[in-house]
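# Inside the fold
The chain contents come next:
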Amino acid sequence: MISENVGNGSLSRWPLASIFGILAVLLNVAAIGCLGEFSAAYQPGQMDNWMEEMVAHPLGAAASAWLFEVGVLCLIPFALGVRRSLRGSRELAGVASSLIVAGALMNAAACL
């Protein structure tokens, strides 16, 4: 059962973690914005077209990749803040932060 203390250590007590969470979202949105000229981006079965678009628009492709990479890495300190904020439920905090960190690391590795 989840402890009554969950939420008592809210992210408002960990403002730096909150900032990293917001930054992760903003950087991801900016990364998607850099793909405005890419009609094949994230389209299943359109990888060849996407590659051609990246060659045609290298600056947009590189900017998108870097913004997304840094945004994903911002999820790591955010996850650590989530873990601290859920300190009333050690199990929940461990699972939540571990999943966020694992996802962020996998996404970051895939972007390299």
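Residues numbered from 1 in each chain as written. Predicted model: local features only at pLDDT ≥ 70, side-chain atom pairs only at ≥ 80, totals over all residues. Heavy atoms only, no water.

## Quick notes on the packing of helix α1 (residues 15-33) against helix α3 (residues 58-85)
The cut-off we apply is this: Axis definition: a line fit to C-alpha positions, over the contact stretch in the case of helices; interaxial angles, taken between N-to-C directions, run 0 to 180 degrees. Only runs of H or I of at least four residues qualify as helices and only runs of E of at least two qualify as strands under DSSP, and these elements are numbered from the N terminus. The scheme is simple: roughly parallel for angles under 35 degrees, roughly antiparallel for over 145, roughly perpendicular for 65 to 115, oblique for anything else. For a crossing to be left-handed, the near helix must be turned anticlockwise from the far one by less than a right angle; the clockwise case is right-handed. Only heavy atoms matter for contacts: two residues are in contact if any of them lie within 4.5 Å across the pair. Basically, the charged four are Asp, Glu, Lys and Arg, the nonpolar ten are Ala, Val, Leu, Ile, Met, Phe, Trp, Tyr, Cys and Pro, and anything else, Gly included, counts as polar.
Here α1 crosses α3 at 160°, and the two axes come no closer than 7 Å. Here α1 is positioned roughly antiparallel relative to α3, judged by the angle of their axes. For the pair α1 and α3, the sense of crossing is left-handed. Counted together, A17, F20, G21, L23, A24, L27, N28, A30 and A31 of α1 and S64, L67, F68, V70, G71, C74, L75, P77, F78 and G81 of α3 form the full contact between these two elements. Taken together, the residues of the contact of α1 with α3 sort by class into 14 nonpolar, 5 polar and no charged.

## Points about the nonpolar core
Applicable threshold: Grouping buried Ala, Val, Leu, Ile, Met, Phe, Trp, Tyr and Cys residues that are joined through side-chain atoms within 4.5 Å yields what is termed a nonpolar core. When accessible area is computed with a 1.4 Å probe and restricted to protein chains, residues below 20% of their type maximum are described as buried, those above 50% as exposed, and intermediate ones as partly exposed.
L35, F38, A40, A41, W50 and A61 form the largest nonpolar core, which has 6 residues in total. Beyond its immediate chain neighbours, meaning those up to four positions away, W50 contacts F38, A40, A41 and Y42.

## Some words on the confidence of the model for the protein
The condition is simple: By definition, pLDDT measures how confident the predictor is in each residue, and it falls between 0 and 100.
Residue-level pLDDT values for the protein average 78, and 84% of them are 70 or greater. Looking across the protein, the model is least confident in helix α4 (residues 90-111), with a mean pLDDT of 73, and most confident in α1, with 88. Note on residues 1-7: pLDDT is under 50 here. Beyond four places in sequence and across chains, it has 9 contacts.

## Re α1
The cut-off we apply is this: One fewer than the residue count of a helix, multiplied by 1.5 Å, yields its expected span. The directions from the helix axis to the C-beta atoms form the arc being described.
Helix length check: α1, at 19 residues, gives a terminal C-alpha distance of 27 Å against a target of 27 Å (1.5 Å per residue), a fit within 8%. Within α1, burial applies to A17, G21, A24, L27 and A31. Buried residues of α1, seen end-on, are gathered within an arc of 130° and therefore sit on one face of the element. Exposed side of α1, more than 90 degrees from the buried face: I19, I22, V25, L26, V29 and G33 are the residues found there.

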